[in-house]
Amino acid sequence: MRASDLKMLDLLDFRAAEGVIAFHDQRMLLYDADLLGILRRELVETVGSKVARGLLTRLGYADGYRDAQTLKKLFRWESQEEWCKAGLVLHALEGKALAVKTRLSGLSGDGGFEAEIRWENCYETEQHLRHLGPATEPVCWKLAGYVSGYFSACLGEEIYFVETDCCATGHGCCRAVGKRRSDWGADLEPHLEYFKVASVQDEIARLEQTLRQQRLAASRHKREAERWKSLAQHLQGPEAPVAKSR
């Protein structure tokens, strides 16, 4: 089986009488992309861009990992490279983005794995621009998570993709580079936190702790101000001391 042989109608089982669309043992849903754009805006405005990015990145990672496992069960792939490329073909079949240029190296042997993917018509940039406007950093969070999860499943080790160019920041296409975790080195650290399991509750707890500290500081300032006010009132009384300089 080659990646180019994938056809959406062959992958999905439409069971209209049951209200079910299935991709092997996975139940699939059809959504208007604008709904995901609205969800993105709500997340950014409610919990902040950092938490929103983490949630969507991890959602994409789980999606990609699961798709890779399902495609492995369904087909006998001609090579590991074809299995890897199948995830990118699936992007286009699902309407997520079109991989217009792909470079994969080090899939076999002991050489360092490295990939470069360029996408056009990415739904994430379209939705981000529509609901949140232009960005200063790449916004294909779910897509970068997807290919990270997909390639991690294919290679059986931690693979991370980092988006370097994005249409939402004014580039002509979206570009991501992928490597093994060990090959990234310190360059991965600013991005790795978005792949870690951290809940919204953790962020809320952090904000609440900050708020408690601010309230305690405000209370201390208030007590200090009242103490000085009381001292000033005492000094202005009939028995207030008088001081003279030379």
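Shown above is the structure to which this text applies.
A short tour of the structure in this document, coming up. (Residues numbered from 1 in each chain as written. Predicted model: local features only at pLDDT ≥ 70, side-chain atom pairs only at ≥ 80, totals over all residues. Heavy atoms only, no water.)

Observations concerning the environment of Arg-15
- Tracing the backbone through its elements, the reader meets Arg-15 in strand E1 (residues 12–15).
- Among residues more than four places away in sequence, those in contact with Arg-15 are Val-20 and Ala-22.
- A distance of 3.0 Å separates polar atoms of two side chains, one belonging to Arg-15 and the other to Asp-13. (Helix = DSSP H or I, 4+ residues; strand = E, 2+ residues; numbered from the N terminus. Contact = heavy atoms within 4.5 Å. Polar contact = N/O pair within 3.5 Å; in protein donor to acceptor, adjacent residues only side chain to side chain.)

As for the environment of Gly-185
- Along the chain, Gly-185 turns up in the loop between helix H7 (181–184) and helix H8 (189–192).
- Residue classification places Gly-185 among the partly exposed positions, given a relative accessible area of 39%.
- Along the sequence, Gly-185 and Arg-215 sit 30 residues apart, while their C-alpha atoms lie 40 Å from each other. (Buried < 20%, exposed > 50% of the residue type's maximum accessible area, 1.4 Å probe, protein only.)

Examining the pattern of salt bridges
- Inspection of the entire model under this criterion finds 19 salt bridges.
- Linking Arg-40 and Glu-124 is a salt bridge whose minimum nitrogen-to-oxygen distance equals 2.3 Å. Placement of Arg-40 in helix H2 (residues 33–47) and of Glu-124 in helix H5 (residues 123–131) is noted, with a sequence separation of 84 residues between them.
- Through salt bridges with shared partners, a single network forms among Arg-103, Glu-114, Glu-116, Arg-118 and Arg-175. (Salt bridge = Lys/Arg side-chain N within 4 Å of Asp/Glu carboxyl O.)

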